[in-house]
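Spelled out, the chains give:
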Amino acid sequence: MGLMAMAPLNEEAVTGTIEGFEKFSDMSLVLFTLGADYPIEIGSVAKGGAFSIDLTVADLPEDMPEEDMGMFFGNLSQSFDGSFPKEDFGLLAEIMALKNRYISIMDKKNRWAGNVFPVTSEEIKEWMEDEAYNNAVPGSYLNIVFLEEPVTLQFPVTGQMPYEGEDIPVEYEFDLTLEPGFNWVQYDIEEVFETDIKKRGHFPTKITIRNLEDPSQFRWIGKFF
């Protein structure tokens, strides 16, 4: 793992169709990571569901006090799905980052109208909504991370998931280059531990965390309020 200068990886807009949006009018796609009063606009969706997201135009709000914004940031080891001790990241753990797990839909009156789940299957969406009761399955999903410094992460991490009095090993493989600003992060669930579903849902035991390369493999499933 290392800290280095690099070429941008998020220059192209991601486009597609949000499933279930057919009956709605034009809206904005935003991140509510800093709270509802400070939405971060990343794109738009038109009537019919066609959307475009361009992370290069997204920026932190200029009118939010720095001390308030700072409360939402965490160190880099806290910016990914999973439990990672700071020592796994070495000195890179001290880089401050902002984790944006959900993409939200905001209507013309600046009201929260729903969320969008970039996933490869409906089962992945259901698992993301409730990991305790819904089963993880092999597949992929996306979220977004913001940071102010470029960084490359290339290393394995082994964690544990407690289940029925045992600690089940969970293997993570980071193969990720992040640039200053907002970045797509892709999670590939490669292996799943099958549980007694009466007690809890199946959970991932092998996950690769990497850059987005092929947006066309994802379904963009909307959930509306």
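Below is a summary of the structure that appears in this document. What you are looking at is a predicted structure, and each value in this text was computed from that prediction instead of being measured.

Regarding the pairing of strand 12 (residues 181–193)
Consideration 1: Strand direction decides the pairing type here: strand 9 (residues 139–147) and strand 12, joined by 9 bridges, are antiparallel. In the sheet register, Leu 147 faces strand 12, and the bridge partner there is Gly 181.
Consideration 2: Pairing of strand 12 with strand 13 (residues 203–210) involves 7 bridges; the strand directions are antiparallel. The residue of strand 13 that forms the bridge with Tyr 187 is Ile 209.

A closer look at the pattern of salt bridges
Consideration 1: What the rule picks out here adds up to 13 salt bridges.
Consideration 2: With a shortest N-O distance of 2.6 Å, Asp 81 and Lys 99 are connected by a salt bridge. Of this pair, Asp 81 sits in the loop between strand 5 (74–75) and strand 6 (96–100) while Lys 99 is found in strand 6, placing the two residues 18 residues apart along the sequence.
Consideration 3: A salt bridge links Asp 81 to Arg 101, with the shortest nitrogen-to-oxygen separation between them at 3.6 Å. Of the two residues, Asp 81 sits in the loop between strand 5 and strand 6 while Arg 101 sits in the loop between strand 6 and strand 7 (103–106), which places them 20 residues apart along the sequence.
Consideration 4: On the basis of relative accessible area, Asp 81 is assigned to the buried category, the value being 12%.
Consideration 5: Owing to a relative accessible area of 22%, Arg 101 belongs among the partly exposed residues under this scheme.

So, unusual backbone geometry
Consideration 1: Non-glycine residue Asn 110 carries a positive phi angle of around 60 degrees.
Consideration 2: Relative to the elements of secondary structure, Asn 110 occurs in the loop between strand 7 and strand 8 (112–119).
Consideration 3: Given the relative accessible area of 55%, Asn 110 is considered exposed.
Consideration 4: Although it is not a glycine, Glu 164 sits at a positive phi angle of roughly 50 degrees.
Consideration 5: By secondary structure assignment, the location of Glu 164 is in the loop between strand 10 (151–163) and strand 11 (166–178).

Section: a negative patch on the surface
Consideration 1: On the surface, Glu 171, Glu 173, Asp 175 and Glu 191 cluster together into a negatively charged patch.
Consideration 2: Looking at which element gives the most residues to the negative patch, the answer is strand 11, with 3 residues.

About the criteria used
Residues numbered from 1 in each chain as written. Predicted model: local features only at pLDDT ≥ 70, side-chain atom pairs only at ≥ 80, totals over all residues. Heavy atoms only, no water. Pairing = 2+ DSSP bridges. Helix = DSSP H or I, 4+ residues; strand = E, 2+ residues; numbered from the N terminus. Salt bridge = Lys/Arg side-chain N within 4 Å of Asp/Glu carboxyl O. Buried < 20%, exposed > 50% of the residue type's maximum accessible area, 1.4 Å probe, protein only. Patch = residues over 30% accessible without salt bridge, like charges linked within 9 Å, V, L, I, M, F, W, Y side chains within 5 Å. Areas by Shrake-Rupley, 256 points an atom, 1.4 Å probe, with all protein chains shown as cover. Lys, Arg positive; Asp, Glu negative; His and termini not counted. Charge placed at Lys NZ, Arg CZ, Asp CG, Glu CD.

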